[in-house]
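Structure at a glance
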Amino acid sequence: MATNLGSLETYKPHNNDLASPPNGTVSTIQKSTSSTTLASSESTLGSHLARRLVEVGVTDVFSVPGDFNLTLLDYLIAEPKLKNIGCCNELNAGYAADGYARARGVGACVVTFTVGGLSVINAIAGAYSENLPLICIVGGPNSNDFGTNRILHHTIGLPDFSQELRCFQTVTCHQAVVNNLEDAHEMIDTAISTALKESKPVYISISCNLAGIPHPTFSREPVPFSLSPKLSNEAGLEAAVEAAAEFLNKAVKPVLVAGPKVRVAKASEAFTELADKSAYAYAVMPSAKGLVPENHPHFIGTFWGAVSTAFCAEIVESADAYLFAGPIFNDYSSVGYSLLLKKEKSIIVEPNRVVIGNGLSFGCVLMRDFLSALAKRINRNNTAYENYHRIFVPEGLPQRFGPREPLRVNVLFQHIQNMLSSKTAVIADTGDSWFNCQKLKLPEGCGYEFQMQYGSIGWSVGATLGYAQAVPDKRVIACIGDGSFQVTAQDVSTMLRCGQKTIIFLINNGGYTIEVEIHDGPYNVIKNWNYTAFVDAIHNGQGKCWTTKVTCEEELVEAIEKATGEKKDCFCFIEVLAHKDDTSKELLEWGSRVSSANSRPPNPQ
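Rules behind the numbers
- Residues numbered from 1 in each chain as written.
- Predicted model: local features only at pLDDT ≥ 70, side-chain atom pairs only at ≥ 80, totals over all residues.
- Heavy atoms only, no water.
- Pairing = 2+ DSSP bridges.
- Helix = DSSP H or I, 4+ residues; strand = E, 2+ residues; numbered from the N terminus.
- Axes fitted to C-alpha atoms, helices over the stretch in contact; angles between N-to-C directions.
- Buried < 20%, exposed > 50% of the residue type's maximum accessible area, 1.4 Å probe, protein only.
- Lys, Arg positive; Asp, Glu negative; His and termini not counted.
- Salt bridge = Lys/Arg side-chain N within 4 Å of Asp/Glu carboxyl O.
- Contact = heavy atoms within 4.5 Å.
- Parallel < 35°, antiparallel > 145°, perpendicular 65-115°, else oblique.
- Left-handed = near helix turned anticlockwise from the far one by under 90°.
- Nonpolar A, V, L, I, M, F, W, Y, C, P; charged D, E, K, R; others polar.
- Polar contact = N/O pair within 3.5 Å; in protein donor to acceptor, adjacent residues only side chain to side chain.
- 1 Å grid on protein atoms, 1.4 Å probe; cavity = no way out; pocket = protein on both sides within 12 Å on 5 of 7 lines; lining within 4 Å.
- Points joined across faces, edges and corners; volume = space filled by probe spheres on them.

1. Topic: the sheet that holds strand S18 (residues 475-481)
Spatial ordering of the open sheet is given by S17-S16-S18-S19-S21-S20, a layout of 6 strands whose pairing is parallel. Looking along the sheet, the strands with just one partner apiece sit at the ends: strand S17 (447-450) and strand S20 (545-550). Taken pair by pair, the neighbouring strands of this sheet meet at an average axis angle of 15 degrees, ignoring direction. Pairing between S18 and strand S19 (residues 503-508): 5 bridges, direction parallel. The residue of S19 that forms the bridge with Ile-480 is Leu-506.

2. Examining the side chain of Asp-482
Along the polypeptide, Asp-482 turns up in helix H16 (residues 482-488). No salt bridge is formed by the buried Asp-482, whose closest oppositely charged neighbour, Lys-527, lies at an N-O distance of 11 Å. Among all residues touching Asp-482, those that are not within four sequence positions of it are Leu-506, Ile-507, Asn-508, Asn-509, Gly-510, Gly-511, Ile-526 and Tyr-531.

3. A word on the packing of helix H1 (residues 45-55) against helix H6 (residues 184-198)
One can describe the packing of H1 onto H6 by two numbers: an axis separation of 11 Å at closest approach and a directional angle of 25 degrees. With respect to their mutual orientation, H1 and H6 come out roughly parallel. Pair H1 / H6 crosses with right-handed handedness. The residues of H6 that touch H1, namely those facing Leu-45, His-48, Leu-49 and Arg-52, are Ala-184, His-185, Ile-188, Asp-189 and Ile-192. A class-by-class count of the residues in the contact of H1 with H6 yields 5 nonpolar, 2 polar and 2 charged.

4. Considerations on the environment of Asn-180
By the secondary structure assignment, Asn-180 is in the loop between strand S6 (174-178) and H6. For Asn-180, a relative accessible area of 28% translates into the label partly exposed. Residues Asn-180 and Ser-143 lie 37 residues apart in sequence; the distance between their C-alpha atoms is 6.9 Å. At a separation of 3.1 Å, a polar atom in the side chain of Asn-180 contacts the main-chain amide nitrogen of Glu-182.

5. A closer look at the layout of surface pockets
There is about 770 Å³ of room inside the largest pocket. Along its surface, the largest pocket is lined by 26 residues, and Glu-395, Gly-396, Pro-398, Asn-410 and Lys-439 are the ones closest to its centre. Elements with a minimum of two residues in the lining of the largest pocket: helix H13 (409-417), helix H14 (432-438) and helix H21 (585-598). Ranked by residues supplied to the lining of the largest pocket, first place goes to H13 with 5 residues.

6. Structural notes on the sheet that holds strand S11 (residues 322-325)
Taken in spatial order, the 7 strands of this open sheet run S10-S9-S8-S11-S13-S14-S15, and their pairing is mixed. Each of the sheet's edge strands pairs with one partner strand only, and the pair in question is strand S10 (299-302) and strand S15 (361-363). Pairs of neighbouring strands in the sheet enclose a mean axial angle of 15 degrees, with direction left out of account. Bridging between strand S14 (residues 353-356) and S15 involves 3 bridges; their strand directions are antiparallel. From the neighbouring strand, Val-355 faces S15, where its bridge partner is Ser-361. Helix H7 (residues 234-249) contacts S11, strand S13 (346-350), S14 and S15 of the sheet and is inclined by roughly 35 degrees relative to S14.

7. Digging into unusual backbone geometry
We note that Thr-114 has phi near 60 degrees; this positive angle belongs to a residue other than glycine. Its location among the elements puts Thr-114 in the loop between strand S4 (107-112) and helix H4 (117-129). You will see that Asn-131, though not glycine, has its phi angle at about 60 degrees, which is positive. Note that Asn-131 resides in the loop between H4 and strand S5 (134-140). Assessed through its relative accessible area of 3%, Asn-131 is described here as buried.

This is the structure:
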């Protein structure tokens, strides 16, 4: 009997597998070239940690000061190759480290004990869900206070200091509480290397009185990390490739679909190689957008069930065989568990496992090895792409009714499309920007990020800060709804302090639009701000900033010309006034299906 993937009947949550830096990037671990001053016999725990961060590729650390981490921050900023980016709050510091890790392969934030740690934890949980190696460093209590009956400030008023640690244990893959110097070196190294190997966040707490103390283990340049490479089992790899090749070669119209764990497995190039050799039509799941090239001749768009880009779902769901590389079938990506897929037609390639149809499963097989080997054994078959090409009808242009008509969101994104190049990156916040940005066609080299698994509104402000800091040669274009912006708006201030040249399109439609389409109520309406005046107030004459408000296409065209021309070296904030009901058709469909899934009655007991 057929088993549906992503359906209500058979859905089971997928475990997140071992992960790796995003977008196929690798954290290069090199011998530190820190100043000889910090590498002298007076090297301290703080300077050792600073060098380790630089070694793994972190050159910017996002922080919020507090009395428990101040001395540690002194030693971090003393490292000449490490820049401290002070954020307005801990949540944004965590989001910034998340965005930084997406671009660089690893990120780091520094906060203070408990009040800072519990504030940043939402961002750390999001990074965990998205398989991002993020190093969360907390300034902890004085080492002399552990094991005593003392009650400290910044705690819940109990002499047990483990509350913060216990909270982090569920959202990090490793925790280190450093309250003595003897094993500090090993604990820090283990935590950082675990973050890189597992591609998950780690927690490091460092007692506030230890950061400035020298120790023999820090007295010379640290030995570079030696991370054991992950290897496929050769026999398992050969068997998996043979079975998969037989499965696909007998299919009439097979297709490929890239999922978000392609990032985790560093398999973007291997997936593209398979697409080249096979000539199959290939698509991406929504959270994999930007991980594989969209300028490939056989790319057919985003597969997102009922809200896929035009003609993509028809080709994928009608295929007689589909290979999904690193998928996550949750209620969002499956549009309320409504995908029309059959397990017996599928090959599911996880970062270290391959499952074929309803039966064969091959463990200890790395995705990139499997896809590369399969590319050499697959027969070329472009039937699915020919079918797509046959039924495809180019999208029409949005209707125009007259000069200076109220601006519609689909017109806005038509113009954003024309702004994209290899020198840009798109950040889409949770909301209708998800669906509008999915329809953007990314030029080669154009970055793209959004947070689908965790879906935390407001994520994009901090992530934009971190991503832009990590990749200064790209101009980041962030598409943010007014509801999301109100959650985390403060760190526009940090973007200005850092001299970033980001363009933010603030879509002001008066509420939480994505929630409206799932379940409406008065709680989805927010207080309107004068957003441009708000950003002008944050600017306060310091740094390069330009803001404008647009209500029609003519004003939008003028604003984009100015932002990309005269104001190209400025932070640009463009507030777009939109009707409260101006949503994409995809959000309308998706919202109704997710609402249906959320409102299922309980099963009989």
